[in-house]
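Chain by chain, the residues:
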Amino acid sequence: QQQVKQSPQSLIVQKGGISIINCAYENTAFDYFPWYQQFPGKGPALLIAIRPDVSEKKEGRFTISFNKSAKQFSLHIMDSQPGDSATYFCAASGSSGSRLTFGEGTQLTVNP
Amino acid sequence: GAGVSQSPSNKVTEKGKDVELRCDPISGHTALYWYRQSLGQGLEFLIYFQGNSAPDKSGLPSDRFSAERTGGSVSTLTIQRTQQEDSAVYLCASSLAYGDYEQYFGPGTRLTVT
């Protein structure tokens, strides 16, 4: 019940396209859902996060959509750029100060 | 300001040796976390500190793993009698305070056990 399932495992999009990565969770106690971006040889960097009291959050080209009833959330990257090529992880946390449970990661490649 | 720093960046050790990995959290951050990232296992939680105490150490994979935090700042993760399956990137993260969800990660220490 602690798992977070992420798909797809890898994604290739053309420059200017929309990248969509999906995650699903089981534990209804989760109440914080961040997305992290990781470049090779670097630590994960917090990209955007959402709480379940809203259904969507947008920051620049990055949007999280959240469906509480379906226990799913997704990351949309609009106007994808080659510099967005990285591994993206969704995660979930159940209470303040608690561990993050991560999805398996999605390797995104944006072709020029 | 300075982010989370970790040292060493790379560590190669022989099977059976002990290793110490260090984490320096963002100044003023009271919560500190250790995670492990390995192929096939993804990112997995190891231990969480609030101040100098560890309310959640349930992710430590065996009693060969231990961690401490002193002065509410620097933390050391120690792995005794290293095994090849311990090879991974060990990541440290910190957050501002209890009640603050946002965790910021360091660059990690890549541990290779030969």
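Here, every reference points to the structure presented above.
One structure accompanies this document, and this report is about it. (Residues numbered from 1 in each chain as written. Chains lettered and ligands numbered in written order. Predicted model: local features only at pLDDT ≥ 70, side-chain atom pairs only at ≥ 80, totals over all residues. Heavy atoms only, no water.)

**Focus on the packing of aromatic side chains**
All chains considered together, the criterion is met by 17 aromatic pairs over all chains. For the pair Y36(A) and F102(A), a centre-to-centre distance of 5.8 Å together with 55 degrees between the ring planes defines the contact as tilted. In this pair, Y36(A) sits in strand β4 (residues 33-38) while F102(A) sits in strand β10 (residues 101-102), placing the two residues 66 residues apart along the sequence. Residue classification places Y36(A) among the buried positions, given a relative accessible area of 0%. According to the relative accessible area criterion, F102(A) is buried, its value standing at 8%. Every member of this aromatic cluster is reached through a ring pair, and the members are Y36(A), F89(A), F102(A), Y33(B), Y35(B), F45(B), Y48(B) and F105(B). (Phe/Tyr/Trp six-rings, centres within 6.5 Å; stacked < 30°, edge-to-face > 60°. Helix = DSSP H or I, 4+ residues; strand = E, 2+ residues; numbered from the N terminus. Buried < 20%, exposed > 50% of the residue type's maximum accessible area, 1.4 Å probe, protein only.)

**A word on the pairing of strand β11 (residues 106-111) of chain A**
Residue and element names in this part refer to chain A. Along β11, the buried face is formed by T106, L108 and V110; none of Q107, T109 and N111, which line the opposite face, is buried. Judged from the 5 bridges that link them, strand β2 (residues 10-14) and β11 form a sheet pairing that is parallel. Within β11, the residue paired with I12 across the bridge is T109. Where strand β9 (residues 86-92) lies against β11, 3 bridges are found, and the strand directions are antiparallel. By the bridge assignment, Y88 is partnered in β11 with T106. (Pairing = 2+ DSSP bridges.)

**Structural notes on the nonpolar core**
All names here are of chain A. Core analysis: the biggest nonpolar cluster contains 24 residues, and F33, W35, F73, L75 and Y88 have the highest contact counts within it. Contributions of two or more residues to this core are made by β2, β3 (19-25), β4, β5 (45-50), β7 (62-67), β8 (72-77), β9 and β11. Looking at this core, the element that brings in the most residues is β9, giving 4 residues. When near neighbours in sequence (up to four residues on either side) are disregarded, F73 contacts I21, N22, C23, Y25, F33, W35, S65, F66, C90 and A91. (Core = buried A, V, L, I, M, F, W, Y, C linked by side-chain atoms within 4.5 Å. Contact = heavy atoms within 4.5 Å.)

**Side note on the layout of surface pockets**
Empty space left among the atoms is revealed by rolling a probe the size of a water molecule over them. Approximately 1300 Å³ is the volume found for the largest pocket. In terms of lining, the largest pocket is formed by 46 residues, of which the most central are F89(A), Q37(B), S38(B), G42(B) and L43(B). Within the residue set of the lining of the largest pocket, elements represented by two or more residues are β1 (4-7), β9, β10 and β11 of chain A together with β4 (31-38), β5 (42-50), β9 (88-95) and β11 (109-113) of chain B. (1 Å grid on protein atoms, 1.4 Å probe; cavity = no way out; pocket = protein on both sides within 12 Å on 5 of 7 lines; lining within 4 Å. Points joined across faces, edges and corners; volume = space filled by probe spheres on them.)

**What to know about the interface of chain A and chain B**
Contacts between the two partners involve 19 residues from chain A, matched on the other side by 19 residues from chain B. Both faces considered, chain A and chain B share a buried interface measuring about 1700 Å² in area, 56% of it formed by carbon and sulfur atoms. Where chain A meets chain B, there are 1 salt bridge. Among the salt bridges present, the one from R99(A) reaches D56(B), with a minimum N-O distance of 3.3 Å. Inspection of the region where chain A meets chain B yields 5 residue pairs in polar contact (both at pLDDT 80 or more). For the side of chain A that touches chain B, the per-class residue count stands at 7 nonpolar, 8 polar and 4 charged. (Buried area = accessible area lost by both parts, 1.4 Å probe. Salt bridge = Lys/Arg side-chain N within 4 Å of Asp/Glu carboxyl O. Polar contact = N/O pair within 3.5 Å; in protein donor to acceptor, adjacent residues only side chain to side chain. Nonpolar A, V, L, I, M, F, W, Y, C, P; charged D, E, K, R; others polar.)

**Comments concerning the pairing of β9(B)**
Put simply, side chains in a regular strand alternate between the two faces of the sheet. Residues and elements named next belong to chain B. Most of β9 sits inside the fold, with 8 of its 8 residues counted as buried. Where burial is concerned, the two faces of β9 agree: the one with A88, Y90, C92 and S94 and the one with V89, L91, A93 and S95 are both buried. Where β4 lies against β9, 7 bridges are found, and the strand directions are antiparallel. Each residue of the ladder has a partner; that of Q37, found in β9, is V89. Of the pairings in the sheet, the one linking β9 to β11 comprises 3 bridges and is antiparallel in character. Bridge pairing in β11 places A88 opposite L111. Bridge analysis of β9 against strand β10 (residues 104-105) gives 2 bridges, and the strand direction is antiparallel. By the bridge assignment, A93 is partnered in β10 with F105.

**Overview of the sheet that holds strand β1 (residues 5-7) of chain B**
Residue and element names in this part refer to chain B. Strand order in the open sheet formed by 4 strands is β1-β3-β8-β7, and the pairing between neighbours is antiparallel. At either end of the open sheet lies a strand with only one pairing partner, and these are β1 and β7 (65-69). Between one strand axis and the next, the sheet turns through 15 degrees on average, direction left out of account. The pairing of β1 with strand β3 (residues 19-24) spans 3 bridges and is antiparallel. Note that in β3 the partner of S7 across the bridge is R22. (Axes fitted to C-alpha atoms, helices over the stretch in contact; angles between N-to-C directions.)

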